[in-house]
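Listed below are the residues making up each chain.
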Amino acid sequence: MDMETDQIYQVDVGNLLAFNSNHRFPAAPSSREELVKECVTEGTKLVQAIADTLFNFPSTETSDGPLVQLPPPTTKLPREKHLPRPKPPTKWEEFALKKGIQKRKKDKIVYDETTDKFKRRHGYDRVNDDNDIPIIEAKASDEPGEDPFAKRLDDKKKRVGKQEKNRLQNLKTAAKAGALPSHVQLAATALPISGTKAQPQKIGKEALGDVAGLAATSTASGGKFDKKLPGEKPPKKQGKHHKYLPVVPRHGGVDEEKEQTNKVLGKLLSKHSHEILNVGKAINMYNDKKEKKKSGRSDKLKAKKDITKKKPYANKADK
């Protein structure tokens, strides 16, 4: 590429971008065709400038052809969407910032003194699992007659409930700031997606009943063995269960499958009896056959062979 072309075109090889900031139309285009022609001509020159710049870089030969390592881009392209809004800190993050607690990465595998093994910190078969502790030492603060195992389960339920309450409170705070996560926005039908003008949807009583009915019958038993909530009504649309006939007929009984088949055939024959026998068509066929017999013509008769016609080589056979 010569110096004149370098001065005219600005090429950003990292983005494969080229533009001419000094381009001016010699005259205002009189028609759209003339404008398109001028744009195509200028675009061809820009693409040629990018190609000339690429061929000046060192390349390596591959099976697909020469390969060029592009430099980092120099032009900052605009974003399609706005920057994500800063997420408000949670209560724990505010407390940690106030006390100067720094977050550090913990090991996933921890030594368990009870079982003398290395186990996971969280999840199934974790360290210090309540199921692995057969005996709980009594404390001076324990109430007499209280089950320590039941108390431990009760404390765990309270902790889980408190964490869920804090999580919902953090989501409410994030919703007020407009920084709610996208997956939560999709799950919440009453909240519009950020950046859209969708109005909040109001869920009626019937819609809630339909959703509750679907959730109640989504188990393998169709909700038959599930616990019912107080005041819960049975689902409106219950599926019909198909009753299969026994493979082997019962002892001393009638073959139910044969009886059912005969019943279905009887209904079909009685319903479509007029379609099975077409009386008009049968009469026409009978009359047509009768006329053919009278005239001595029949489709089934074949043409008789000529007896007087001699077979080839008959005289030679007689000799």
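Residues numbered from 1 in each chain as written. Predicted model: local features only at pLDDT ≥ 70, side-chain atom pairs only at ≥ 80, totals over all residues. Heavy atoms only, no water.

Short version of the rule: UniProt positions are given in the numbering used here, feature names are shortened, and annotations may be inferred rather than shown by experiment.
As recorded in an unreviewed UniProt entry, the protein chain goes by Ribosome biogenesis regulatory protein and comes from Raphanus sativus. UniProt, in the comment section headed Subcellular location (unreviewed entry), describes the protein chain in these words: "Nucleus". The Sequence similarities (unreviewed entry) field of the UniProt record for the protein chain holds the comment "Belongs to the RRS1 family."

## A look at the overall build of the protein chain
Operational definition: Runs of H or I in DSSP of at least four residues are treated as helices and runs of E of at least two as strands, each being numbered from the N terminus. Exposure categories follow from relative accessible area, calculated using a 1.4 Å probe and restricted to protein chains: below 20% of the type maximum is buried, above 50% is exposed, and the middle band is partly exposed. In what follows, a contact means two residues having at least one pair of non-hydrogen atoms within 4.5 Å. Under the convention used here, a 1.4 Å probe and the Shrake-Rupley method define accessible areas, while residue burial counts only the protein chains that appear.
A tally of helices and strands in the protein chain yields 10 helices and six strands. Evaluated residue by residue, the protein chain yields a buried proportion of 8% over its 319 residues. Within the protein chain, contacts between residues at least 6 apart in sequence are counted, and of these 34% link residues at least 24 apart. Here the protein chain displays about 30300 Å² of accessible surface, and carbon together with sulfur accounts for 57% of that area.

## Regarding the packing of aromatic side chains
This is how it is decided: Working definition: a ring pair exists when centres of Phe, Tyr or Trp rings (six-membered ring for Trp) sit within 6.5 Å. Plane angles under 30 degrees give stacked, over 60 give edge-to-face, the rest tilted.
The final tally for this structure, using the stated rule, is two aromatic pairs. Consider the rings of W92 and F95, whose centres lie 5.8 Å apart with planes at 35 degrees: the pair is tilted. Taken together, the residues W92 and F95, both in helix α3 (residues 91–99) and three residues apart, mark about one turn of the helix.

## Comments concerning the pattern of salt bridges
Rules: Just to be clear on terms, a salt bridge is a Lys or Arg side-chain nitrogen sitting within 4 Å of an Asp or Glu carboxyl oxygen.
Considering all chains together, one arrives at six salt bridges under this definition. Among the ionic pairs, K119 bridges to D112, the shortest N-O distance being 3.9 Å. With respect to class, K119 is no different from D112; both count as buried.

## A short note on a nonpolar patch on the surface
Under the convention used in this document: Candidates for patches are residues over 30% relative accessible area with no salt bridge; among them, like charges are joined within 9 Å and nonpolar side chains (Val, Leu, Ile, Met, Phe, Trp, Tyr) within 5 Å.
On the surface, W92, F95 and I101 cluster together into a nonpolar patch covering about 320 Å² of accessible area. Taking relative accessible area as the criterion, W92 reaches 53% and is therefore assigned exposed.

## Looking at the nonpolar core
Selection criterion: Throughout, nonpolar core names a set of buried Ala, Val, Leu, Ile, Met, Phe, Trp, Tyr and Cys residues whose side chains join them through atoms within 4.5 Å.
Y9, A18, L46, A49 and I50 together form the largest nonpolar core, which totals five residues. A total of three residues in this core trace back to one element, the largest contributor, which is helix α2 (residues 32–55). In contact with L46, other than residues within four places in its own chain, are Y9, A18, F19 and N20.

## Quick word on the pairing of strand β3 (residues 59–62)
Put simply, the rule reads: A pair of strands is treated as paired once DSSP finds two or more bridges between them.
As judged from the four bridges shared by β3 and strand β4 (residues 65–68), these two strands associate in the antiparallel manner. Note on β4: the bridge partner recorded for T60 is L67.

## What about unusual backbone geometry?
Even without a glycine there, the phi angle at L16 is positive, about 50 degrees. Tracing the backbone through its elements, the reader meets L16 in the loop between β1 (10–12) and β2 (17–19). By relative accessible area, L16 is classed as partly exposed at 45%. One non-glycine residue, D125, lies in positive phi territory at about 55 degrees. Within the fold, D125 resides in the loop between β6 (117–120) and α4 (148–177).

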